[in-house]
Amino acid sequence: MRPSRNGPTSAGALLLLGLEAGGTRSEAVLADATGNVLGHGVCSFDDPEAGRGVGGSGRSEPSMRTAISRALSGMHGRQACALHVIGRGRLPVGSIPDGFASELCVHPVREQDGPLAMAGATAGVVVLAGTGAFVYGRRPDGRELMLDALGPLLGDAGSAFDIGLRALRAIARASWHPRHASSLVKPLSKACARYAGNPPGFNLVEYMLQHRDRSEIASLARIVDEHAERGDSVAARVLTEAADAIADTLWDVVDRLGLGDASLPLVAAGSVARKSRIYWARVCERARAFAPELRPYQPTVPEVIGTMLAGAS
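Everything numeric here is computed off the predicted structure, so don't read it as measured data. (Residues numbered from 1 in each chain as written. Predicted model: local features only at pLDDT ≥ 70, side-chain atom pairs only at ≥ 80, totals over all residues. Heavy atoms only, no water.)

1. A word on the overall build of the protein
The helix and strand tally for the protein stands at 11 helices and 11 strands. In terms of C-alpha radius of gyration, the protein reaches 21 Å, essentially the compact-globule figure of 20 Å for 313 residues. Expressed as lengths along the three principal axes of its C-alpha atoms, the size of the protein is roughly 70 × 55 × 35 Å. With 313 residues in all, the protein has 53% of them scored as buried. Considering only contacts within the protein whose residues lie at least 6 apart along the sequence, 65% involve residues at least 24 apart. About 14,700 Å² of surface is accessible on the protein, with carbon and sulfur atoms providing 52% of the total. Of the side-chain charges in the protein, 34 are positive and 32 negative, and the distance between the mean point of each set is 4 Å. (Helix = DSSP H or I, 4+ residues; strand = E, 2+ residues; numbered from the N terminus. Rg over C-alpha atoms; globule rule 2.2 N^0.38 Å. Buried < 20%, exposed > 50% of the residue type's maximum accessible area, 1.4 Å probe, protein only. Contact = heavy atoms within 4.5 Å. Areas by Shrake-Rupley, 256 points an atom, 1.4 Å probe, with all protein chains shown as cover. Lys, Arg positive; Asp, Glu negative; His and termini not counted. Charge placed at Lys NZ, Arg CZ, Asp CG, Glu CD.)

This is the structure we're talking about:
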């Protein structure tokens, strides 16, 4: 996919709308049939236009509707002969303006297929660590297995939520002894207070006893990664423990599919696996011990592009 230099497409064209509904944010990309990007829309959980939902704010209808609206905003009343919607999540009713396309086709894409498409592979292993987490494997013969994706209370081991929760538990005992001291205390407390509306006398215990959108806790993973890179030992330990947790799931998938000697891509997916150097290095280190021929791959383009590639194949 590449940005368009020619402005909005002409009327009557075939257009593609890629959707990526993650736990924390929704993303939409509008492109023409040649791959020119005509519009891009994002709606994160902290956006005033975002909604809330059981699966995370990014999967809520208001968030998806906002992302789609922003992706289509540059069309200025133009029409398409057909609009092919490729992605995950249900298309919100009314999110495509009436009369925008004479034909509307929806192509669902599984969450695990986009990362493999970005790696140019039909078989391999996907380690997804975003707001939630899972590990997916597909053999060359088509046999496949996905483990976890159990949500923040039963699973999602190694996810951004897992990292955020581990970090909050760590700062809650930071004052117990000098060995627990961490530079995470102030930035994490400040972030949680902001999510709570900055009440006077903010208390972390009370905050965690409330029903929080899991995107709030997951968003803390970025702060943990930043402080781990700066050398904070507590933050580094949190990332390592989370990476070890998803590596255990990875071992289960590799063992059950018999991929211990397979030469296949090991694809990072989700914001944590794709963007945290420390986290991904640890996952790869653990993987080399039981599947040394897996080839680590960290995509650099947005995951919605992989979704569109998978849907177009």
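Structure shown, so let's carry the discussion forward.
2. With respect to the layout of surface pockets
Considering only enclosed or pocket space, the largest pocket measures out at about 1,000 Å³ in volume. Lining the largest pocket we find 45 residues, and of these Thr 24, Gly 130, Thr 131, Gly 270 and Ser 271 sit closest to its centre. Contributing elements (two or more residues each) for the lining of the largest pocket: strand 3 (25-32), strand 8 (133-138), helix 4 (160-172), helix 5 (185-195), helix 7 (214-229) and helix 9 (270-275). Take the lining of the largest pocket: its biggest share by element is 9 residues, from helix 7. Taken together, the residues that form the lining of the largest pocket break down as 15 nonpolar, 14 polar and 16 charged. (1 Å grid on protein atoms, 1.4 Å probe; cavity = no way out; pocket = protein on both sides within 12 Å on 5 of 7 lines; lining within 4 Å. Points joined across faces, edges and corners; volume = space filled by probe spheres on them. Nonpolar A, V, L, I, M, F, W, Y, C, P; charged D, E, K, R; others polar.)

3. A closer look at the packing of helix 4 against helix 7
Contact geometry of helix 4 with helix 7 gives a least axis separation of 7 Å together with a crossing angle of 75°. Considering the angle they form, helix 4 stands roughly perpendicular to helix 7. Where helix 4 abuts helix 7, its residues Ala 160, Phe 161, Ile 163, Gly 164, Leu 165, Ala 167 and Leu 168 lie against Arg 214, Ile 217, Ala 218, Leu 220, Ala 221 and Val 224. Among the residues forming the contact of helix 4 with helix 7, the class breakdown is 11 nonpolar, 1 polar and 1 charged. (Axes fitted to C-alpha atoms, helices over the stretch in contact; angles between N-to-C directions. Parallel < 35°, antiparallel > 145°, perpendicular 65-115°, else oblique.)

4. Comments concerning the sheet that holds strand 7 (residues 124-129)
Read across the open sheet, the 5 strands follow the order 9-8-7-10-11; overall the sheet is mixed. At either end of the open sheet lies a strand with only one pairing partner, and these are strand 9 (144-148) and strand 11 (295-297). Ignoring strand direction, the axes of neighbouring strands in this sheet form an average angle of 15°. Judged from the 3 bridges that link them, strand 10 (residues 265-269) and strand 11 form a sheet pairing that is parallel. Bridging across to strand 11, Val 267 finds its partner in Tyr 297. Helix 8 (residues 233-257) rests against strand 7, strand 8, strand 9 and strand 10 of the sheet, and its axis sits at about 20° to strand 8. (Pairing = 2+ DSSP bridges.)

5. As for the pattern of salt bridges
Two side chains that carry opposite charge are able to pair once their charged atoms sit near each other. As enumerated under the stated definition, the model contains 17 salt bridges in all. Put simply, Arg 110 and Asp 113 hold a salt bridge, and the shortest N to O gap is 3.0 Å. A relative accessible area of 35% places Arg 110 in the partly exposed class. Its relative accessible area of 18% is what places Asp 113 among the buried residues. (Salt bridge = Lys/Arg side-chain N within 4 Å of Asp/Glu carboxyl O.)

6. Focus on empty space enclosed by the protein
Throughout the structure, instances matching the rule amount to 2 cavities of 30 Å³ or more. Lining of the largest cavity is provided by 11 residues; of these, Glu 20, Glu 111, Gly 114, Pro 115 and Thr 307 occupy positions nearest its centre. Listed by contribution, the elements that provide at least two residues to the lining of the largest cavity are helix 2 (113-118) and helix 11 (303-312). If one sorts the elements of the lining of the largest cavity by residue count, helix 2 sits on top with 3 residues. Its residues assigned to classes, the lining of the largest cavity shows 4 nonpolar, 2 polar and 5 charged. Taken together, Leu 19, Glu 20, Ala 21, Ser 26, Glu 27, Met 64, Ala 67 and Ile 68 make up the lining of the second largest cavity. Secondary structure elements with two or more residues in the lining of the second largest cavity: strand 2 (13-21), strand 3 and helix 1 (61-72).

7. Observations regarding the pairing of strand 4 (residues 36-44)
Where strand 3 and strand 4 come together, 7 bridges link them in antiparallel fashion. Residue Ala 31 lies in a different strand from strand 4, and its bridge partner there is Val 37. Between strand 3 and strand 4, which follow one another and run antiparallel, lie 3 residues, and Gly 35 among them has a positive phi close to 100°.

8. Thoughts on the confidence of the model for the protein
Residues of the protein with pLDDT of at least 70 account for 93%, and the chain-wide mean is 89. This model gives residues 3-11 a pLDDT under 50, and the stretch forms 18 contacts once residues within four places in sequence are excluded. (pLDDT = per-residue confidence, 0-100.)

9. Focus: the environment of Val 283
Here Val 283 shows up in helix 10 (residues 277-290). In this structure, the C-alpha to C-alpha distance between Val 283 and Val 29, residues 254 residues apart in sequence, is 30 Å. Residues within four places of Val 283 in sequence aside, it is in contact with Ala 243, Ile 246 and Leu 250.

10. Side note on unusual backbone geometry
The residue Ala 149 is not glycine, and still its phi comes out positive at about 60°. Topologically, Ala 149 is positioned in the loop between strand 9 and helix 3 (151-154). One non-glycine residue, Asn 198, adopts positive backbone phi at about 50°. By secondary structure assignment, the location of Asn 198 is in the loop between helix 5 and helix 6 (204-209). You can call Asn 198 exposed: its relative accessible area is 53%.

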